[in-house]
Amino acid sequence: MSASLAAAPAILGGCWPAHLDAMERATAARGPSWVAELRRAGAAAFREHGFPSTADEEWRYTSVETLVKTGFRQSLAAKKDALVANTAKLFTFGLEDAPRIVIVDGFYSKELSKLDGLPAGVVVCSLAEAVEKHRALVEPRLGRLAKPGATAFAALNAALFQDGAFVHVPEGKVVDAPLLVLHISHESYLASHPRHLFALGAGAQLSAVEAYASPSCDLYFTNAVTEADLGAGARLSSIRLEAESGNAFHVANTQARLAAGAFFQEASAVTGAEFFRHDLGAFLGGERAEAVFLGLSLASGHQHVDHHTVIDHAVPNCPSREFYKAILNGRSHVVFNGKVFVRQDAQKTDAKQTNKNLLLSDDARVDTKPQLEIFADDVKCTHGATVGQLDEEMVYYCRSRGLAPEIARGILTYAFARDVLVQFPVPATRDWLDRSLVQRLLEAGRNA
Amino acid sequence: MLEIKDLHATVGKKEILKGLSLSVKAGEVHAIMGPNGSGKSTLAQVLAGHPAYAVTGGTITYMGEDLAEKSPEDRAKEGIFLAFQYPVEIPGVSNAYFLRAGYNEIRKHRGEPELDAMDFNKLLKEKSKVLHIDESLLNRPVNEGFSGGEKKRNEIFQLAVLEPKLAILDETDSGLDIDALRAVSEGVNRLRSKDRAFLVVTHYQRLLNYIVPDFVHVLSEGRIVKSGGKELALELEKRGYDWVKAPAAAGAAR
Amino acid sequence: MDPVEELATKEYKWGFVTDIESETIPKGLNEDVVRLISSKKNEPSWLTEWRLTAFRQWQKMTEPRWPNVTYPPIDYQDISYYSAPRQAKKAGSMDEIDPELVKTYEKLGIPLEEQKRLSNVAVDAVFDSVSVATTAKDYLEKLGIIFCSFSEAVQKHPELIRKYLGSVVPTNDNFFAALNSAVFSDGSFCWIPKGVKCPMELSTYFRINAADTGQFERTLIVAEEGAQVSYLEGCTAPKRDTNQLHAAVVELVAQESASVKYSTVQNWYPGDKEGKGGIYNFVTKRGKCAGANSKISWTQVETGSAITWKYPSVILQGDNSVGEFYSVAVVNNRQQADTGTKMIHVGKNTRSTIVSKGISAGKGQNTYRGQVKVVKKAAGARNYTQCDSLLIGDRCGAHTFPYIEVQNHTAKVEHEASTSKISEDQIFYCKQRGVSTENAINMIVNGFCKEVFRELPMEFAVEAQKLLGVSLDGSVG
């Protein structure tokens, strides 16, 4: 509470000015001017503000000090690596036959992507290709939802992104099969800045899995930005899977804009990464637009997991719902900061936010800040946050039915997670998550 | 007591009542029946003075005075009571406190002395015994956490305490199981008297098995299209509403 | 007409000015002013030094910007830091008090004369910078209880003051606490000896009268082992077009098994409808549950002030200690409030409860800011927080900023918040039962605040309910 908004001195990391300079040289003579403008804006914003310190209210519980001190490498061209081709097969997340677009270390991989069988008119391609071929779709959106000056990391991404996925579902089209958007980190000590853009026309529907994974246990840095623009009545349901290496840094910024009647759901599962920070925002710009954010985090060791959400109710009659759960072990630190804005015109807003944390170890730490900012009177807004342990009464009940206490704790921990997991979209991936997490959850509870 | 002539009323821009006429004398029980959307609840709300409903034509005369310009609280003070279809919840305000506030306003209006909390509680206890209302209900916040049946019984209990001249029951039977329906009806029957008139708004005939009306009116598209005695309700039960939906004559009831 | 638009605006009824000759020192603040205040109070040199240390710390600090309030910059050199009614010295008996002052307090509903006093409440009356009277002192003295003005305590009980002053709120705690430490003029001191249960409510009534002055009072309450006390604080100020600064510090100490209950009904002048004038109420209140099994409970009803900035807090240091915070904060017209609490769990098995009810009307902005912190060694900590907002009208705002920081896995922390409005349906329902709009709103608002009001001592609860009605007058539409 004693944080001050007085401008903290900008922290400018050692390797970053060099990365910006190299990128500027590399892109000086290529690419359209509107992309160059975005890169310039990002570089300028970063050079001006640098990284945030913990004196910045939005970074109060999340220190980027280690990240800033680490010297990361930069890759200015895609590399071929046979190993990746083999390991990529591991990352299907229950979607073996689904269409997929794969980005490796920030660069599009044509070999690993599988884009046949999409309905006619639906575009899934690399962002670099889309910039060339679909300017009318890309230009009005790229950098307009996740603005380059929003955070230091959004600024770096705007300046340094190489590639990512571009998805366009035209008006009225419904894509039945879920789409896998996969980023693989392969090279150690590399900083990559993948950037994805989803554009859904009026009434379009898509379900997707946006995954970040690595076959290694290396230290590297993924700094992702995702923008999603939903036309009137469009529906985008996605799971965001964070299965990074246990030593990785993962920072991401996802911004969605919803027109009237649009529906945006993002369910986030975090299992990997030493350092994780996700800024997720939805702007409800048309009546009856609806946003649903779900989250399940399993943190252990020295993991730091930080979810920052903003739901901006700008117009009347929009519901929104947030439900985040975290299970903490070891010396992990979980942060939740959920902000709900209800602007003056946004009467009849129905916003609900819940954050629940299960502490299983002596050294874990939770900081949660569920915030409401309300400027309209005819609204229904609630939030709730809890931090606690397994209910010993429930453990006792299980024991009275013959279960050993550690088994009982394992089952109850699994039940705690399942409560939110069952609400995830994309059934195939949800089931895969359930199968792959059950053992981990049972063990996490058992050792509590 | 109540004289409605050629009443037109709108909610928003939509006209719901389109020339309704009705006359009610003290001691009488009138049932207002009709299909969904015929204007039954609108009539109840218009009589109570709900601000969302506008009277656009005709007259309502109550006890010889024009009702149109009167505020809802003045109507209440002069003896009009509406048992709401959906009673609202008022968190933190106890039933007893709420009722005393209303009760004393009505007494003040009549030029009678106000009752203090002690005397009023005595009165509440007596009334609750007569109506078999659980005393614990009195100290709970108004309607908060009440079941559907409890809310409706609470409305009748309020009726008993406030002793109105004209009681309007708006779909008091909706959402009640048979036991609750019986309990509510018994309460109403106990409160029937030669000085008090009832307007019972209901969709189904079953309530009228328990609260036997003197007159039954059928409302359709904002007008009374048929009036009769209690046997009319039984006929409606058998034949449905379609046969009375005849568009023609605005049946003026006595 | 909209049924809820019918309310007339009532005036702030405590807005009169007492015509009394005062001694007010020139505006401005420097070390000499600090020394002057200290010398006027005939303070020992250690206290003068303590003030000067605070002043030097303050000079290096900046005003906090994080509260969710806006106001033009305060010119700290344009304030007079000391004003006292001209009266030879503090009256020995009630007969010696200036009758104007007696009248003033009577008008405020606080009779000071023996025969008219509220039974069961002892009052310390503070007028601008000084305490003018303390009632029931002799009776309390027989029980070993010290209840007197802060200045008197400095003279008569320097060892207690030296021991406890700044022990809960250090001089450099924050900008306004540092300022207060440098220039505080008077306030109340209360000490309950071991094992004594104070038989009556102790209270301080603060009145700002002079123009262009600040009020910087300091209250210190200490309950020794097993002692119990309930303390009330009330405050009003005249209507003036300029803003006045009130920066108080309250420190509470509860030793082993002791309990302190502190209730505030804050009714400083809130400014007019357009936001002109009113008190800036920038207050630091903190209690320390120093001993095991101790308890500190804050109850506040905040209806006044143009801007309120306060977070009555509890440091739960003793094992099994209990902290409570019950708050009703009302903002109407252009009032702004950023208020809440901090519960810092340090000892084992400590428990805290927070119930906050925010009411926003007119163009008011109401912010709840609360911190619940469970440090690593605080095993078995429990917190329950309930934070509700009620909005009346569509030009106001309600903001909730809870900070929940848990570093011990045996903690159980629960936070719930909701937002609601007074609905047209509720008002119509009340009117249908014969209750006027004004009474309906009062009833609904009081129902909303019930959980807090029942924590107030009886006499104050009634007062608070009435106050709430007045504060919200004309707010609906």
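Structure report, in brief.

What counts as what
Residues numbered from 1 in each chain as written. Chains lettered and ligands numbered in written order. Predicted model: local features only at pLDDT ≥ 70, side-chain atom pairs only at ≥ 80, totals over all residues. Heavy atoms only, no water. Helix = DSSP H or I, 4+ residues; strand = E, 2+ residues; numbered from the N terminus. Rg over C-alpha atoms; globule rule 2.2 N^0.38 Å. Buried < 20%, exposed > 50% of the residue type's maximum accessible area, 1.4 Å probe, protein only. Contact = heavy atoms within 4.5 Å. Areas by Shrake-Rupley, 256 points an atom, 1.4 Å probe, with all protein chains shown as cover. Lys, Arg positive; Asp, Glu negative; His and termini not counted. Charge placed at Lys NZ, Arg CZ, Asp CG, Glu CD. Pairing = 2+ DSSP bridges. Salt bridge = Lys/Arg side-chain N within 4 Å of Asp/Glu carboxyl O. Polar contact = N/O pair within 3.5 Å; in protein donor to acceptor, adjacent residues only side chain to side chain. Buried area = accessible area lost by both parts, 1.4 Å probe. Nonpolar A, V, L, I, M, F, W, Y, C, P; charged D, E, K, R; others polar. Axes fitted to C-alpha atoms, helices over the stretch in contact; angles between N-to-C directions. Expected span 1.5 Å × (residues − 1). Parallel < 35°, antiparallel > 145°, perpendicular 65-115°, else oblique. Phe/Tyr/Trp six-rings, centres within 6.5 Å; stacked < 30°, edge-to-face > 60°. Lys NZ or Arg CZ within 6 Å of the ring centre and 35° of its normal.

1. Some points on the overall build of chain A
Here is step 1: From N to C terminus, chain A includes 10 helices and 20 strands.
Here is step 2: A globule of 448 residues ought to have a C-alpha radius of gyration of about 22 Å, and chain A, at 21 Å, matches this closely.
Here is step 3: Overall, the C-alpha framework of chain A stretches about 70 × 55 × 50 Å when taken along its three principal axes.
Here is step 4: Burial statistics for chain A: of 448 residues in total, 61% are counted as buried.
Here is step 5: Contacts spanning at least 24 positions in sequence make up 85% of the contacts within chain A whose residues lie at least 6 apart.
Here is step 6: When the accessible area of chain A is evaluated, it comes to approximately 16500 Å², of which 53% is carbon and sulfur surface.
Here is step 7: Averaged over its 45 positive side-chain charges, chain A has a centre that lies 2 Å from the centre of its 51 negative ones.

2. Looking at the overall build of chain B
Here is step 1: Across its full length, chain B carries eight helices and 12 strands.
Here is step 2: Summarising its shape, the C-alpha atoms of chain B cover approximately 55 × 40 × 35 Å along the three principal directions.
Here is step 3: Residue burial in chain B is summarised as follows: out of 254 residues, 54% are buried.
Here is step 4: Once local pairs closer than 6 in sequence are excluded, the contacts in chain B between residues at least 24 apart make up 70%.
Here is step 5: In the structure as shown, chain B presents an accessible area of about 11100 Å², 50% of it carried by carbon and sulfur atoms.
Here is step 6: On chain B, the mean spot of the 35 positive side-chain charges and the mean spot of the 36 negative ones are 3 Å from each other.

3. Some words on the sheet that holds strand β4 (residues 53-62) of chain B
Residue and element names in this part refer to chain B.
Here is step 1: Taken in spatial order, the four strands make up an open sheet running β2-β1-β4-β5, and their pairing is antiparallel. For this open sheet the edge positions go to β2 (14-24) and β5 (65-66), each flanked by a neighbour on one side alone.
Here is step 2: Note: strand β1 (residues 2-11) against β4, eight bridges, orientation antiparallel. Note on β4: the bridge partner recorded for Ile4 is Ile60.

4. Side note on the side chain of Asn253 of chain A
Here is step 1: Of note, Asn253 of chain A is situated in strand β11 (residues 249-258).
Here is step 2: In this structure, Asn253 of chain A is in contact with Ala150, Thr151, Ala154, Ala224, Val225, Thr226, His278 and Asp279 of chain A, ignoring residues within four places of it in sequence.

5. Focus on the pattern of salt bridges
All names here are of chain B.
Here is step 1: In total, this model carries 61 salt bridges over all chains according to the counting rule given.
Here is step 2: For Lys108, the salt bridge goes to Glu114, with nearest N and O atoms at 3.9 Å.
Here is step 3: Residue class for Lys108 comes out partly exposed when judged on its relative accessible area of 46%.
Here is step 4: Ionic pairing is found between Lys122 and Asp119, a salt bridge with its closest N-O pair at 3.9 Å. In this pair, Lys122 and Asp119 are both assigned in helix α4 (residues 117-130), three residues apart and thus about one turn of the helix distant.
Here is step 5: Taking relative accessible area as the criterion, Lys122 reaches 53% and is therefore assigned exposed.

6. Quick notes on the side chain of His409 of chain C
Here is step 1: For His409 of chain C, the position within the fold is in the loop between β22 (397-406) and β23 (412-421).
Here is step 2: For His409 of chain C, a relative accessible area of 18% puts it in the buried group.
Here is step 3: One polar contact links His409 of chain C to Asp362 of chain A, side chain to side chain, over a distance of 2.8 Å.

7. Description of the interface of chain B and chain C
Here is step 1: Taken together, the contacts link 33 residues of chain B with 19 residues of chain C.
Here is step 2: For the pair chain B and chain C, the summed buried area comes to about 2000 Å², and 67% of that belongs to carbon and sulfur atoms.
Here is step 3: A salt bridge links Glu73 of chain B to Lys431 of chain C; the nearest nitrogen and oxygen atoms lie 3.4 Å apart.
Here is step 4: Here chain B is connected to chain C by 10 residue pairs in polar contact (both at pLDDT 80 or more).
Here is step 5: Listing elements by their share of the side of chain B that touches chain C, those giving two or more residues are α1 (40-48), α2 (72-77), β6 (80-83), β7 (90-94), α3 (95-110) and α5 (148-162) of chain B.
Here is step 6: Here the element with the most residues in the side of chain B that touches chain C is α3 of chain B; it accounts for six residues.
Here is step 7: For the side of chain B that touches chain C, the per-class residue count stands at 20 nonpolar, eight polar and five charged.

8. Considering the sheet that holds strand β10 (residues 197-202) of chain B
All names here are of chain B.
Here is step 1: Here we have six strands laid out as an open sheet, ordered β6-β9-β10-β3-β11-β12, and mixed in their pairing. Two strands bound the open sheet, and with one partner strand each, they are β6 and β12 (223-228). Across the sheet, the axes of successive neighbouring strands diverge by a mean angle of 20°, strand direction being ignored.
Here is step 2: Note: β6 against strand β9 (residues 166-170), four bridges, orientation parallel. Bridge pairing links Ala83 to Leu169 in β9.

9. A closer look at the interface of chain A and chain C
Here is step 1: Listed per partner, the contact involves 41 residues of chain A and 41 residues of chain C.
Here is step 2: The contact between chain A and chain C buries some 3300 Å² in all, and 50% of this surface belongs to carbon and sulfur atoms.
Here is step 3: Here Lys376 of chain C and Asp363 of chain A are joined by a salt bridge, their closest N and O atoms 2.6 Å apart.
Here is step 4: One can count 20 residue pairs in polar contact (both at pLDDT 80 or more) joining chain A with chain C.
Here is step 5: For the side of chain A that touches chain C, the secondary structure elements donating two or more residues are β19 (365-374) and β20 (380-388) of chain A.

10. Points about the arrangement of the chains
Here is step 1: Looking at the two pairs of chains with contacts, the pair that accumulates the most is chains A and C.
Here is step 2: Contact between chain A and chain B is absent, and the minimum C-alpha spacing across the pair is 15 Å.

11. Some points on α3 of chain B
Residues and elements named next belong to chain B.
Here is step 1: Across its 16 residues, α3 extends 23 Å between first and last C-alpha, which sits within 8% of the 22 Å expected from 1.5 Å per residue.
Here is step 2: By the burial criterion, the buried members of α3 are Asn95, Ala96, Phe98, Leu99, Gly102, Tyr103, Asn104, Glu105, Ile106 and Arg107.
Here is step 3: Directly beyond the C-terminal end of α3, a positive phi value near 80° is found at Gly111.

12. Some details on the environment of Leu160 of chain C
Residues and elements named next belong to chain C.
Here is step 1: Mapping Leu160 onto the fold places it in helix α6 (residues 158-164).
Here is step 2: For the pair formed by Leu160 and Trp191, sequence separation is 31 residues and the distance between their alpha carbons is 8.6 Å.
Here is step 3: What Leu160 contacts, discounting residues up to four positions off in sequence, is Ile146, Phe189 and Trp191.

13. What to know about the packing of α3 of chain B against α4 of chain B
Residue and element names in this part refer to chain B.
Here is step 1: At a minimum axis separation of 11 Å, α3 and α4 run at an interaxial angle of 105°. Considering their axes alone, α3 and α4 lie roughly perpendicular with respect to each other. Contacts between α3 and α4 pair Ala96, Leu99, Arg100 and Tyr103 from the former with Ala117, Phe120, Asn121, Leu123 and Leu124 from the latter.
Here is step 2: Here the residues of the contact of α3 with α4 sort into seven nonpolar, one polar and one charged.

14. Side note on the environment of Lys295 of chain C
Residue and element names in this part refer to chain C.
Here is step 1: For Lys295, the location among the structural elements is in strand β14 (residues 295-302).
Here is step 2: For Lys295, a relative accessible area of 32% gives the class partly exposed.
Here is step 3: Sequence-wise, Lys295 and Asp394 are 99 residues apart; in three dimensions their C-alpha atoms are separated by 40 Å.
Here is step 4: Every residue in contact with Lys295, bar those within four places of it in the chain, is listed here: Ala254, Ala258, Ser259, Val260, Cys289, Val322 and Glu324.

15. Comments concerning the packing of aromatic side chains
Here is step 1: Tallied over the full model, the rule gives 37 aromatic pairs over all chains.
Here is step 2: Relative to Phe275 of chain A, the ring of Phe249 of chain A lies with its centre 5.9 Å away and its plane at 45°, an arrangement referred to as tilted. Taken as a pair, Phe249 of chain A in strand β11 and Phe275 of chain A in strand β13 (residues 275-284) lie far apart in primary sequence, 26 residues in all. The two residues Phe249 of chain A and Phe275 of chain A agree in class, both being buried.
Here is step 3: Ring centres of Trp58 of chain C and Tyr76 of chain C lie 5.5 Å apart, and the angle between their planes is 75°; on these two criteria the pair is classed as edge-to-face. Placement of the pair is Trp58 of chain C in helix α2 (residues 45-60) and Tyr76 of chain C in the loop between α2 and β2 (83-85), with a sequence separation of 18 residues. For the residue pair Trp58 of chain C and Tyr76 of chain C, the accessibility class agrees, reading buried in each case.
Here is step 4: The ring of Trp59 of chain A carries the charged tip of Arg277 of chain A above its face, separated from the ring centre by 3.7 Å.

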